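So the chains spell out like this:
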Protein chains: 2
Amino acid sequence: MGRPRGFDEQAVTAAAAGLFAGRAYDGVSVDDLVQQLGVHRNSLYKTFGSKRGLYLAALRWHLEHRLPSLTEQLAAGAAVADDPTLDLLLLAAVERAPSDVEVAALVAKAWQTLDQALQRAPATPADPPASTALNALLGERLRARAATASAGPS
Amino acid sequence: MGRPRGFDEQAVTAAAAGLFAGRAYDGVSVDDLVQQLGVHRNSLYKTFGSKRGLYLAALRWHLEHRLPSLTEQLAAGAAVADDPTLDLLLLAAVERAPSDVEVAALVAKAWQTLDQALQRAPATPADPPASTALNALLGERLRARAATASAGPS
DNA sequence: CGAGATTAGGAACGATCGTTCTTGACTGAT
DNA sequence: ATCAGTCAAGAACGATCGTTCCTAATCTCG
């Protein structure tokens, strides 16, 4: 009953995550989302409730669909240089988590998953804390991100 | 000639850095700055030119005045858990640097300084790349920050 | 073929953003 | 004392923010 949806909710969610991985939360306006995702304002608000709702959905989607394969790659020792999932997590942790408990919870869960995956990496002789491997990875990605300044001041 | 300035420019710069270390750039409004710093709008714009000007001044000030002592502590092996300088750097690197080449340059310079300081840390038997120590430190601070969710969603 | 329901399209809302302007109070040098 | 120059106080600006509302267009089902 009623007109069918003209967009794929999952595709939109994933695309939104791409935007949120590139710029800060406040740097992505609803107009940007409407334009880049090709979905109308009304549909966005009907489907996700609010900008924050879309953000949370995007974060959740990435954590659920992309994080598993990412952890596999990491556990296999592969270098994942520019995975957008890491960027999304980085931004979520630094910028959103301190002022949004729901984001903080999602980020904490992601850390947990990644820690477990990295601990089963090619064994090190000593026994480092479970977190050191992920810390190093995050630091590395953080620096790589800071080095990719593309646009002008504002 | 003229009425003397009613505030200490360095103190204001430092205080502004404190605000920018706590929230994202877009999350700190000019009204916030005016209110928290106790300096009038006009004075801020007269002194720093713009919000971005104040941000850059704050970042530069912290890098020039706080980073040296921070590197000393780090080189001495001290644990600097909650230094606001690190938070400011973290936020600058993740959120501002990708879209502001000037911030990116400052951040890169800070990395360089910290790398050198950390490489002279209590010698490790092997010879890790110069960056690994800092990477670990950044990762650690990143996670600590994400875990301190205080305020509600919005 | 109509009801009923849900979408797309786009204008419009109040709030807040960064920035500028106007006015008057204050200070230091002449 | 006077004048010039700076600062303080706050109103005001246009732009943009996230969100809502209204009006068709378009689909499914009886």
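Below, the structure is looked at part by part. (Residues numbered from 1 in each chain as written. Chains lettered and ligands numbered in written order. Predicted model: local features only at pLDDT ≥ 70, side-chain atom pairs only at ≥ 80, totals over all residues. Heavy atoms only, no water.)

**Things to note about the interface of chain B and chain A**
- In this complex, chain B contributes 36 residues to the contact, which on the side of chain A involves 36 residues.
- Between chain B and chain A, roughly 2900 Å² of surface is buried when both sides are summed, and carbon and sulfur atoms account for 62% of that area.
- If you look at where chain B meets chain A, you find two salt bridges.
- The closest approach of N and O atoms between Arg143(A) and Asp115(B), which form a salt bridge, is 2.5 Å.
- Applying the counting rule to chain B against chain A returns six residue pairs in polar contact (both at pLDDT 80 or more).
- Of all the secondary-structure elements, those providing two or more residues to the side of chain B that touches chain A are helix H6 (84-96), helix H7 (101-119) and helix H8 (132-146) of chain B.
- Within the side of chain B that touches chain A, the residues separate by chemical class into 19 nonpolar, eight polar and nine charged. (Contact = heavy atoms within 4.5 Å. Buried area = accessible area lost by both parts, 1.4 Å probe. Salt bridge = Lys/Arg side-chain N within 4 Å of Asp/Glu carboxyl O. Polar contact = N/O pair within 3.5 Å; in protein donor to acceptor, adjacent residues only side chain to side chain. Helix = DSSP H or I, 4+ residues; strand = E, 2+ residues; numbered from the N terminus. Nonpolar A, V, L, I, M, F, W, Y, C, P; charged D, E, K, R; others polar.)

**What to know about helix H2 (residues 30-37) of chain A**
All names here are of chain A.
- Every buried residue of H2 is listed here: Val30, Leu33, Val34 and Leu37. Buried positions in H2, seen along its axis, are confined to an arc of 95° and lie on one side of it. Seen from the buried face of H2, the exposed residues on the opposite side, beyond 90 degrees, are Gln35 and Gln36.
- Looking at the packing, one finds that the buried side of H2 touches helix H1 (9-22), helix H3 (41-48) and helix H4 (51-65). (Buried < 20%, exposed > 50% of the residue type's maximum accessible area, 1.4 Å probe, protein only. Arc of directions from axis to C-beta.)

**What to know about the packing of aromatic side chains**
- The full count for this structure, using the stated rule, is six aromatic pairs over all chains.
- Ring centres 4.9 Å apart and planes at 90° place the aromatic pair Phe20(A) and Tyr55(A) in the edge-to-face group. Taken together, the residues Phe20(A) in helix H1 and Tyr55(A) in helix H4 connect sequence positions 35 residues apart.
- Residue classification places Phe20(A) among the buried positions, given a relative accessible area of 2%.
- Ring plane angle 80° and centroid distance 5.1 Å describe the contact between Tyr25(B) and Tyr55(B), whose orientation is recorded as edge-to-face. Of the two residues, Tyr25(B) is situated in the loop between helix H1 (9-22) and helix H2 (30-37) and Tyr55(B) in helix H4 (residues 51-65); the sequence distance between them amounts to 30 residues. A single burial state applies to Tyr25(B) and to Tyr55(B), both of which are buried. (Phe/Tyr/Trp six-rings, centres within 6.5 Å; stacked < 30°, edge-to-face > 60°.)

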